[in-house]
Amino acid sequence: MQAFEATKMYFSRAADQLQLPEEIRTLLLTSRREVRVQVSIETDQGDLATYIGYRVQHDNARGPMKGGLRFHPDVDLDEVRSLAALMTWKTAVVNIPYGGAKGGINIDPHQLSTKELERITRKFVDQIHDVFGPRTDIPAPDMGTNAEVMAWIRNQWEKYHGFNPACVTGKPVEHYGAKGREEATGRGVGILACKLLSRLGRRPGETTVAIQGFGNVGSHAAKFLAEADFTIVAISDVSGAYYDPAGLDVARCLHYIIDHNGALDGFADADHISNEELLELDVDVLIPAAIGGVISSENVDRIQASIILEAANGPIHPTADRSLEGRGVAVLPDILANAGGVTVSYFEWVQNLQHYEWSLDRVRQELDRVLSNAFEQVWRMSQDQGISLRTAAYMLAIERVHRANLLAGLAG
Ligand code: NAD
């Protein structure tokens, strides 16, 4: 299933519940603008290389559009379109004043030199600088891009438009980036896990957790949850999963990846199992924090966790989602579970616009406030209407975007 179809399916379930007319659904699903540009550079060897860059701006009724820029060989218009729409629902569900966008270039960053990546990034900005900026559409890092790429984007954009670091977020801290941005998504997953657990009347000290993916999101979620007294029994990365039923020493795992170039490969203080086995462990909480589509109709019957937080984008296939819902598994959907990152990106933008820097404590407090409010609203709607947390989150988001469009004058 294409990513766009999955997003559309979740959208349709919520739109049915809201009894949205067909013409409103079409309006809400149609991107405002889809840009496709040629990105040609001279390689380090002096050859000519041509790539395709995309920026899809999905909806701006609630504010400037916001979304990451992805460097990956599989990037195509369908994927970027789907992720742009997902950003609209994500910013709406946490109620920050943004719409949604996404971009990408079909390159493999691991096959290119830093100089080539810089040339590609700058050429892409040359092509699209007039359609993004602090008041229209603000890019951020995504798969294959990082703070350094964001610094190039800012520098290139400012050549056309003058000083304005709010044109992009996820910048290095010394380049007007926000403190706490790096930890934000994982920390958000942790904050929301605590909220959900408390609503379900359970205690962290009696709760076991398995986390798939120990990169930026998975490792920060593990750190937060271990400090909150959860027992992390399994973690994983591309090298496989590491399991200790008595609980892993998360601080030790974090030190291990610092000493081993970000990888868990060779970690010997736990049993080595597969990533598939990790998903099927008898744990209370499962956190897929690596890639999409890992829970499907093929393995859903073997998933034993009663709580799942979608830290990755789209880790559960819609048919598996139905089955989990039928079994009463509490699934916190990606549009809320991993919204900590875009929330702190929003704080970065606010600081840039005000030329005033927040402390890390303030960033953390505000993140807690925004995510807690969103969680309570989604939880209440789900309880009041007897619907899943996913459908409630989508309904809340769609209602906000729909209302903003109505107030702006739909056909204006
Ligand atoms: P990352 O690259 O830092 O880490 C990814 C982790 O997943 C690594 O440990 C990697 O080894 C592991 N992994 C990769 N392929 C795997 C596989 N096939 N099986 C098991 N593990 C695998 O990425 P990240 O920033 O932590 O992002 C993780 C997920 O969260 C992605 O789906 C991303 O789209 C989503 N997300 C990230 C952010 C953010 O702020 N970083 C925000 C929202 C959503």
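What counts as what
- Residues numbered from 1 in each chain as written.
- Predicted model: local features only at pLDDT ≥ 70, side-chain atom pairs only at ≥ 80, totals over all residues.
- Heavy atoms only, no water.
- Helix = DSSP H or I, 4+ residues; strand = E, 2+ residues; numbered from the N terminus.
- Expected span 1.5 Å × (residues − 1).
- Buried < 20%, exposed > 50% of the residue type's maximum accessible area, 1.4 Å probe, protein only.
- Polar contact = N/O pair within 3.5 Å; in protein donor to acceptor, adjacent residues only side chain to side chain.
- Axes fitted to C-alpha atoms, helices over the stretch in contact; angles between N-to-C directions.
- Parallel < 35°, antiparallel > 145°, perpendicular 65-115°, else oblique.
- Left-handed = near helix turned anticlockwise from the far one by under 90°.
- Contact = heavy atoms within 4.5 Å.
- Nonpolar A, V, L, I, M, F, W, Y, C, P; charged D, E, K, R; others polar.
- Phe/Tyr/Trp six-rings, centres within 6.5 Å; stacked < 30°, edge-to-face > 60°.
- Lys NZ or Arg CZ within 6 Å of the ring centre and 35° of its normal.
- Salt bridge = Lys/Arg side-chain N within 4 Å of Asp/Glu carboxyl O.

A. Fine view of helix H3 (residues 77-93). Between its first and last C-alpha atoms H3 spans 24 Å; for 17 residues at 1.5 Å apiece the expected length is 24 Å, and the two agree. Burial runs high along H3: 14 of the 17 residues are buried. Where H3 begins, one side-chain oxygen reaches toward the backbone nitrogen of Asp-78, 3.3 Å away; that side chain belongs to Asp-76. Asn-95 sits one or two positions beyond H3 and adopts a positive phi of about 60 degrees.

B. Spatial organisation of the packing of helix H13 (residues 360-385) against helix H14 (residues 389-408). At their nearest, the axes of H13 and H14 sit 8 Å apart, and the two run at 110 degrees to each other. By the angle class used here, H13 and H14 are roughly perpendicular. Crossing of H13 against H14: the hand is right-handed. Between H13 and H14, the contacting residues are Gln-377, Val-378, Trp-379, Met-381, Ser-382 and Gln-385 on the first element and Leu-389, Ala-392, Ala-393, Met-395, Leu-396, Glu-399 and Arg-400 on the second. Looking at side-chain class alone, the contact of H13 with H14 contains 8 nonpolar, 3 polar and 2 charged residues.

C. View of the packing of aromatic side chains. Counted according to the given criterion, the structure contains 12 aromatic pairs. Here Tyr-98 and Tyr-346 contribute two aromatic rings whose centre-to-centre distance is 5.6 Å and whose plane-to-plane angle is 85 degrees, an arrangement assigned as edge-to-face. Of this pair, Tyr-98 sits in the loop between H3 and strand S4 (99-105) while Tyr-346 sits in helix H12 (residues 340-354), placing them 248 residues apart in sequence. For the pair formed by Tyr-98 and Tyr-346, the shared burial category is buried. Consider the rings of Tyr-242 and Phe-267, whose centres lie 6.0 Å apart with planes at 85 degrees: the pair is edge-to-face. In this pair, Tyr-242 is assigned in strand S8 (residues 240-243) and Phe-267 in the loop between helix H8 (250-259) and strand S9 (271-273), connecting sequence segments 25 residues apart. According to the relative accessible area criterion, Tyr-242 is buried, its value standing at 1%. For Phe-267, a relative accessible area of 7% gives the class buried. Its guanidinium or amino end placed over the ring of Trp-358, Arg-362 lies 4.1 Å from that ring's centre, counting from NZ or CZ. Seen from the ring of Tyr-10, Arg-390 lies directly overhead, with NZ or CZ sitting 4.1 Å from the centre.

D. Main features of the pattern of salt bridges. Under the counting rule described, the total for this entry stands at 27 salt bridges. For the salt bridge of Asp-142 with Lys-102, the shortest nitrogen-to-oxygen distance reads 3.0 Å. Here the residue Asp-142 occupies a position in the loop between strand S5 (137-141) and helix H5 (147-161), and Lys-102 occupies one in strand S4, the gap between them amounting to 40 residues. One exposure class covers both Asp-142 and Lys-102, and it is buried.

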